[in-house]
There are 2 protein chains.
Amino acid sequence: MKLPAKVTIKEVGPRDGLQNEPNFIETKDKVDWINLLNQTGLSYIEVSSFVHPKWIPQLADSEQVLKSIRRKPGVTYAALVPNIRGLERALNCQVDEISVFMSASEGHNQKNINKTIDETFPVLKEVVDEAKKANLKVRGYVSTVIACPYDGPVEPEQVLKVVDRLAEMGVYEISLGDTIGVGVPTQVERLLETLLKHFPPRLFAMHFHDTRGTALANVLKSLEMGITAFDSSLGGLGGCPYAKGASGNVSTEDLNYLLTGMNIDTGLNPQALIEAAFFIEEKLGKKLPSKQMVIARNERSANIDNARTV
Amino acid sequence: MKLPAKVTIKEVGPRDGLQNEPNFIETKDKVDWINLLNQTGLSYIEVSSFVHPKWIPQLADSEQVLKSIRRKPGVTYAALVPNIRGLERALNCQVDEISVFMSASEGHNQKNINKTIDETFPVLKEVVDEAKKANLKVRGYVSTVIACPYDGPVEPEQVLKVVDRLAEMGVYEISLGDTIGVGVPTQVERLLETLLKHFPPRLFAMHFHDTRGTALANVLKSLEMGITAFDSSLGGLGGCPYAKGASGNVSTEDLNYLLTGMNIDTGLNPQALIEAAFFIEEKLGKKLPSKQMVIARNERSANIDNARTV
């Protein structure tokens, strides 16, 4: 099988992870955690969101977080921006890059943004135009690229329409989100086949949630189709608002295990990832769901057992 | 991608799952559970083990279980058999099929069987010969096909040597076990490339443990290479004796989700799987780790939350 030699893992735990956790993490703890993430080899950290705190109270301290973290040269500190007001707030604290977002399905876009898909484009375009004037790179998120919790299955052609418009606006990368974590590799293949007829693989990052355990199988198929950027959250942080108790984003350390096991360079230090995951796990007061964390907790306490097995 | 139209899922939860659970499950509960498994569409259930109860006390009641379960026409009720004494016990309770087992690595074979690999072959050959005289089909397990907890990485050529000998004995299928759940798809590909030069894909079943979350990615690669039989345990039962708290076999219901999502026929009823998983979960007194069970527990109690997410 043909795989890329190098992949970029984009850490979205401080934003997508924490926004789906019920408890507010203290600003100081967020800052300390991001400073630990600086030690892992990550080149991209989505630090927070400038969505109004009324909607995401967990990230109400985005300004303070962005102003307080240590900036490591070579690391991009990004934030989610919903509109021009959010952009102003983001610019005010020296964000390196912003992400705009919308959904491929009307139902999710309406619930999430309170606008139709058509009404959303001009809002995003205004943000992208202003961001460019400020010399900021802009990334685009498209949610529900496989299925929508309200509308059901989403056709690749519908995703292509949204991708077309975002590409036209000039975003440098589009993160394709299986927001509710239902996708399987044949669906990922069909989606990417459609998109890659029109755009190069480097335009896309894949953003899988591991709600049904298929995320790493979907990563494998994406790699085989030439994708070289993946979003993930340390520890598998975050959960899913559509399935309480379910896993959140695919975990950074499990993704890293898969990739490095296949000799793909990620630049990450697995031990530093685990240390940073232990830190945020303690602050959250709950066990993070990643497999690597289960093993790490075990290694901290147990010896190899010589049990007899097949 | 080319995938098979139909796959056989072989349920090993009552054997490989329960033998790795710390608590003894009452015989009546095992029987009731297997009777529930009869309602799921499974065509193959590994019911118990005739390894001496000194080594696997969890399955000390194998005779009673095999004699008490309801036999559904078309379902194969199999059991693990270590030697000729185990075969006699198995024959005494009308098992449909037996499995013999050994490891591809010396270290694991020694710890598990107390013999070198070379010393193990004649023991298995005696069992296979006698089983054939009794008109029993025999399946072979090869453990540690990717890596060994004692010897480290295992080369495909070493697996081939063991497979060669088992095939020569006349086992109808060989289940290749990533016993410690470390494998990634490139390793699965390299292993199967080596084996499929000499044998057809139908000789093999894949037996993945999901210790590091890579099981379903490994299943995907195996499917692409023509494999059409997979072992799994309901709920992801079992854990790993080499990593306490870690997941056991890949879960039947998550495997089934992946396969049926890709339009592969498994013959299984997902709702019946969940019901049978809830039954054994209650008897075990702990939450089973499969993703489908997380969703099922959630669906039993929660409503969809209209949280705002990307």
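In the nomenclature of an unreviewed UniProt entry, chain A is known as Hydroxymethylglutaryl-CoA lyase of Ureibacillus terrenus.

Draft legend 1. Just the nonpolar core, in detail. Ile98(A), Leu166(A), Leu176(A), Ile98(B), Leu166(B) and Leu176(B) are the most contacted members of the largest nonpolar core, which has 197 residues in total. Residues within four places of Leu166(B) in sequence aside, it is in contact with Val100(B), Met102(B), Leu124(B), Tyr141(B), Val142(B), Val171(B) and Ile174(B).

Draft legend 2. Representation of the pattern of salt bridges within the structure. Residues and elements named next belong to chain A. Under the definition given, this model contains 38 salt bridges over all chains. Here Asp96 and Arg71 are joined by a salt bridge, their closest N and O atoms 3.8 Å apart. Of the two residues, Asp96 is situated in the loop between α4 (84-91) and β4 (97-103) and Arg71 in the loop between α3 (62-68) and β3 (76-80); the sequence distance between them amounts to 25 residues. Residues joined in a network through salt bridges with shared partners are Lys10, Arg139, Glu173 and Asp231.

Draft legend 3. Highlighting the packing of helix α9 (residues 215-224) of chain A against helix α9 (residues 215-224) of chain B. Taken N-terminus to C-terminus, the directions of α9(A) and α9(B) make an angle of 50°; their axes are 7 Å apart at the nearest point. By the criterion of interaxial angle, the relationship of α9(A) to α9(B) is oblique. For the crossing formed where α9(A) meets α9(B), the hand is right-handed. On the side of α9(A), the interface is formed by Leu216(A), Ala217(A), Leu220(A), Lys221(A) and Glu224(A), while α9(B) contributes Leu216(B), Ala217(B), Leu220(B), Lys221(B) and Glu224(B). Of the residues belonging to the contact of α9(A) with α9(B), the class tally is six nonpolar, no polar and four charged.

Draft legend 4. Structural context of the packing of aromatic side chains. Residues and elements named next belong to chain A. Across all of its chains, the model carries two aromatic pairs over all chains by this definition. Ring centres of Phe199 and Phe204 lie 6.2 Å apart, and the angle between their planes is 85°; this geometry places the pair in the edge-to-face category. Residues Phe199 and Phe204 agree in their burial class; the two are buried. One Lys or Arg, Lys10, reaches over the ring of Tyr44 and ends 4.3 Å from the middle of that ring.

Draft legend 5. Expanded view of the pairing of strand β2 (residues 44-49) of chain A. When you tally the buried positions in β2(A), you get six out of six residues, the bulk of the element. Between the parallel pair β2(A) and β3(A), the chain is carried across by α3(A), and the sense of this crossover is right-handed.

Draft legend 6. Focus on helix α11 (residues 270-284) of chain A. All names here are of chain A. Helix length check: α11, at 15 residues, gives a terminal C-alpha distance of 21 Å against a target of 21 Å (1.5 Å per residue), a fit within 8%. Looking only at α11, the buried set comprises Ala272, Leu273, Ile274, Ala276, Ala277, Phe278, Phe279, Ile280, Glu281 and Leu284. Where α11 begins, the side chain of Asn269 points an oxygen toward the backbone nitrogen of Gln271, at a separation of 2.9 Å.

Thresholds applied
- Residues numbered from 1 in each chain as written.
- Chains lettered and ligands numbered in written order.
- Predicted model: local features only at pLDDT ≥ 70, side-chain atom pairs only at ≥ 80, totals over all residues.
- Heavy atoms only, no water.
- Core = buried A, V, L, I, M, F, W, Y, C linked by side-chain atoms within 4.5 Å.
- Buried < 20%, exposed > 50% of the residue type's maximum accessible area, 1.4 Å probe, protein only.
- Contact = heavy atoms within 4.5 Å.
- Salt bridge = Lys/Arg side-chain N within 4 Å of Asp/Glu carboxyl O.
- Helix = DSSP H or I, 4+ residues; strand = E, 2+ residues; numbered from the N terminus.
- Axes fitted to C-alpha atoms, helices over the stretch in contact; angles between N-to-C directions.
- Parallel < 35°, antiparallel > 145°, perpendicular 65-115°, else oblique.
- Left-handed = near helix turned anticlockwise from the far one by under 90°.
- Nonpolar A, V, L, I, M, F, W, Y, C, P; charged D, E, K, R; others polar.
- Phe/Tyr/Trp six-rings, centres within 6.5 Å; stacked < 30°, edge-to-face > 60°.
- Lys NZ or Arg CZ within 6 Å of the ring centre and 35° of its normal.
- Right-handed = clockwise from strand over helix to strand, strands pointing away.
- Expected span 1.5 Å × (residues − 1).
- Polar contact = N/O pair within 3.5 Å; in protein donor to acceptor, adjacent residues only side chain to side chain.

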